[in-house]
Amino acid sequence: MSAGGDGPVTDGAVTILARGEGLAAWRQIADGLSADIEAGRLAPGSQLPTEAALAARFGVNRHTVRRALAALAERGLVRATQGRGTFVETPRLAYPIGRRTRFSEIVSKAGREAWGDLLAAETVPADPATAEALRIGPGDPMLELQTIHRADGTPLSTARTCLPLPRFAGFAAAYAGLGSLTRAYAEFGVADYTRLSTRIHARPAAADEAARLDLAPGRVLIVLSSVNVDAAGVPIQATRSLFAADRVELVVEG
């Protein structure tokens, strides 16, 4: 990486920062890495060097590097993954919202590998709002799934999905093995289903949501509350999905 003027300059394997000129070292590092990302020298999806390697490269301590990486994460340019390192964010995925919205199909058409992980599943009494959406009685048993959905290993969304019981008893095991709601529904005789309604709003991510999606705290989430019905028009699913706004672009289809 090189820069003119007051920015960092490269001398062999070491990048020399401008000292005593009013611009903090962490800011110079963040600006330099940002320039590398924008110029394509750090490609989308690529892994950044370790904190130790960056500290050696810039001649600073790891705390300074960590602050620079945090600033890039707050701008949505990189994501820090626990135990794996820091990666350059990929371009936003166009995510159509229409009568047949299928996560796996959308991600696969974009040339990326889709998968859903089951985080938790339990039988719970239906709260009034979900009961109305599923057309069951308040307090009736329903299956609640907590899931996370990835494209090429990058988390795009996390969701709470509720299904009526006893119709979908055993659905959690099917989903855990297949990694797809559509494939799991097929195991229960639901060959097709459509979107009845979608509500969309945005809010900052809570700390646990940010951690689950590998986001910097406070990054924006797109919240989708949706209801799906089977071919007979019977509700089969009420979901609240939280999408990382830096990673998807919702396209509402007519």
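For the structure, check the block above.
Below you will find a few notes about this structure. Here the residue numbers are simple positions, counted from 1 along each chain's written sequence. Side-chain atom pairs in this predicted model are given and counted only at pLDDT of 80 or more, local residue features only at pLDDT of at least 70, and totals for whole chains, interfaces and linings cover all residues. Note that water and hydrogens are dropped before the side-chain values are worked out from all heavy atoms of the structure.

Things to note about the packing of helix α1 (residues 25-38) against helix α3 (residues 62-74)
For the pair α1 and α3, the least separation of the axes is 8 Å and the interaxial angle reads 50°. Of the possible angle classes, the one that applies to α1 and α3 is oblique. Handedness of the α1/α3 crossing: right-handed. Contacts between α1 and α3 involve Ala25, Trp26, Ile29, Ala30, Leu33 and Ser34 from the first element and Thr64, Arg67, Ala68, Leu69, Ala71 and Leu72 from the second. Gly is placed with the polar residues, together with every amino acid not listed as nonpolar (Ala, Val, Leu, Ile, Met, Phe, Trp, Tyr, Cys and Pro) or charged (Asp, Glu, Lys and Arg). Here the contact of α1 with α3 is composed, by residue class, of 9 nonpolar, 2 polar and 1 charged. For helices, the fitted axis covers only the stretch in contact; all axes are lines through C-alpha atoms, and the angles between them, taken along N-to-C directions, range from 0 to 180 degrees. A run of DSSP states H or I qualifies as a helix once it reaches four residues; a run of E qualifies as a strand once it reaches two. Both are numbered from the N-terminal end. To sort the angles, those under 35 degrees are grouped as roughly parallel, those over 145 as roughly antiparallel, those from 65 to 115 as roughly perpendicular, and the leftovers as oblique. Note: crossing handedness is left-handed where the near helix turns anticlockwise from the far helix by less than a right angle, and right-handed where it turns clockwise. By definition, residues are in contact when any of their heavy atoms lie within 4.5 Å.

Remarks on the side chain of Arg112
Along the polypeptide, Arg112 turns up in the loop between α4 (103-109) and β6 (114-125). We call a residue buried when its accessible area falls under 20% of the maximum for its residue type, exposed when it is over 50%, and partly exposed in between, using a 1.4 Å probe and counting protein chains only. Overall, Arg112 belongs to the buried group, its relative accessible area being 15%. Pairs of N or O atoms are called polar contacts if they sit within 3.5 Å, as long as, within protein, a hydrogen donor faces a hydrogen acceptor (for residues adjacent in sequence, only side-chain-to-side-chain pairs). One polar contact links Arg112 to Thr90, side chain to side chain, over a distance of 3.3 Å. Residues contacting Arg112, with those up to four places away along its chain left out, are Thr90, Pro91, Leu93, Val107, Ala151, Asp152 and Thr154.

What about the nonpolar core?
Among the buried residues, those of types Ala, Val, Leu, Ile, Met, Phe, Trp, Tyr and Cys that are joined through side-chain atoms within 4.5 Å form a nonpolar core. In terms of nonpolar packing, the biggest core is built from 23 residues, with Ile29, Leu33, Val60, Leu69, Leu72 and Val78 touching the most fellow members. Listed by contribution, the elements that provide at least two residues to this core are α1, α2 (51-58) and α3. Not counting residues within four places of it along the chain, the set of residues in contact with Leu69 comprises Leu33, Leu48, Glu51, Leu54, Val78 and Thr86.

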